[in-house]
Amino acid sequence: RGNTVNMASRVQSASKQLQLPLLITAATQAQLSDQFCTLRVCTAKLPDLEQPTQLFTVYPAAQAAQIKSRLDQYSQALALFEAGQLEAAEVLLQALDAAGPATPAQFLAHYTSSQKQSHQGRRAVDKTTAQGSVIEILSK
């Protein structure tokens, strides 16, 4: 198998862990027409691949327009998560999760909560590293 097939397999497995029906990479996102809207789900470390990969989910443009505020809130929560502001991200994600499954908020809320718990007891001067903002996908 080549790199492309390996990447596709890892992204497909990630879609299951992230509980999303469709997940794509930035390379695929760049080729989509304006009939689709994408949402960056996260930056993920996929099994057996060296570099983290940006993952996106896809919405028909008409559906995205209807849920634009929720997509924007998810983007804001993801930015907070990646900046290490786990408590603020968790608050936004829990509200989005309660609003329904239009975004991948449930997965990121759970992941954020586990990250927050793993950081409890650390000194206040310790910062979350950049690696902490990369979500590790465990299954192949």
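In this report, the structure presented in the accompanying data block is examined.

About the criteria used
Think of each chain on its own: its residues are numbered from 1, step by step along the sequence as written. Given that this is a predicted model, residues contribute local features only at a pLDDT of at least 70 and side-chain atom pairs are listed and counted only at 80 or more, while totals for whole chains, interfaces and linings are drawn from all residues. In computing side-chain values, all of the structure's heavy atoms are included and hydrogens and water are not. Only DSSP runs of H or I reaching four residues or more are called helices, and only runs of E reaching two or more are called strands; each is numbered from the N terminus. Helix span, expected: 1.5 Å multiplied by one less than the number of residues in the helix. Under the scheme applied here, a residue whose accessible area is under 20% of the maximum for its type counts as buried, over 50% as exposed, and between as partly exposed, the area being computed with a 1.4 Å probe on protein chains only. Here is the rule: rings of Phe, Tyr and Trp (six-membered ring for Trp) pair when centre to centre is within 6.5 Å. Planes less than 30 degrees apart are stacked, more than 60 are edge-to-face, and the remainder are tilted. A pair of strands is labelled paired if DSSP reports no fewer than 2 bridges between them. Between N or O atoms, a polar contact is any pair within 3.5 Å; within protein, one atom must be a potential hydrogen donor and the other a potential acceptor, and residues adjacent in sequence are included only when both atoms are from side chains. Contacts: residue pairs with any heavy atoms within 4.5 Å of one another.

Here we take up helix α5 (residues 86-99). The end-to-end C-alpha distance of α5 is 20 Å, a good match for the 20 Å that 14 residues give at a rise of 1.5 Å each. The set of residues buried in α5 consists of Leu86, Ala89, Glu90, Leu92, Leu93 and Leu96. Gly100, located one to two residues past α5, shows a positive phi value of around 125 degrees.

Moving on, we come to the packing of aromatic side chains. The description of two aromatic rings rests on the distance between their centres and on the angle between their planes. Across all of its chains, the model carries two aromatic pairs by this definition. Note on Phe81 and Tyr111: the rings are 5.9 Å apart at their centroids and 70 degrees apart in plane angle, and the pair reads as edge-to-face. Separated by 30 residues along the polypeptide, Phe81 in helix α4 (residues 68-82) and Tyr111 in helix α6 (residues 105-119) bring together distant segments of the chain. Per residue, the accessibility class of Phe81 equals that of Tyr111, and both read buried.

A separate point is the pairing of strand β3 (residues 53-60). Counting buried positions along β3 yields six of eight residues, so the element is predominantly enclosed. Bridging between strand β1 (residues 24-25) and β3 involves two bridges; their strand directions are antiparallel. Residue Ile24 lies in a different strand from β3, and its bridge partner there is Phe56. Here strand β2 (residues 36-45) pairs with β3 via eight bridges, running antiparallel. Residue pairing across strands places Ala44 opposite Thr53, the latter belonging to β3.

Here the focus is the side chain of Ser15. Residue placement: Ser15 occurs in helix α1 (residues 3-17). Judged by its relative accessible area of 11%, Ser15 is buried. Only 2.5 Å separates the side chain of Ser15 from the backbone oxygen of Gln12, close enough to count as a polar contact. Beyond its immediate chain neighbours, meaning those up to four positions away, Ser15 contacts Leu20 and Leu23.

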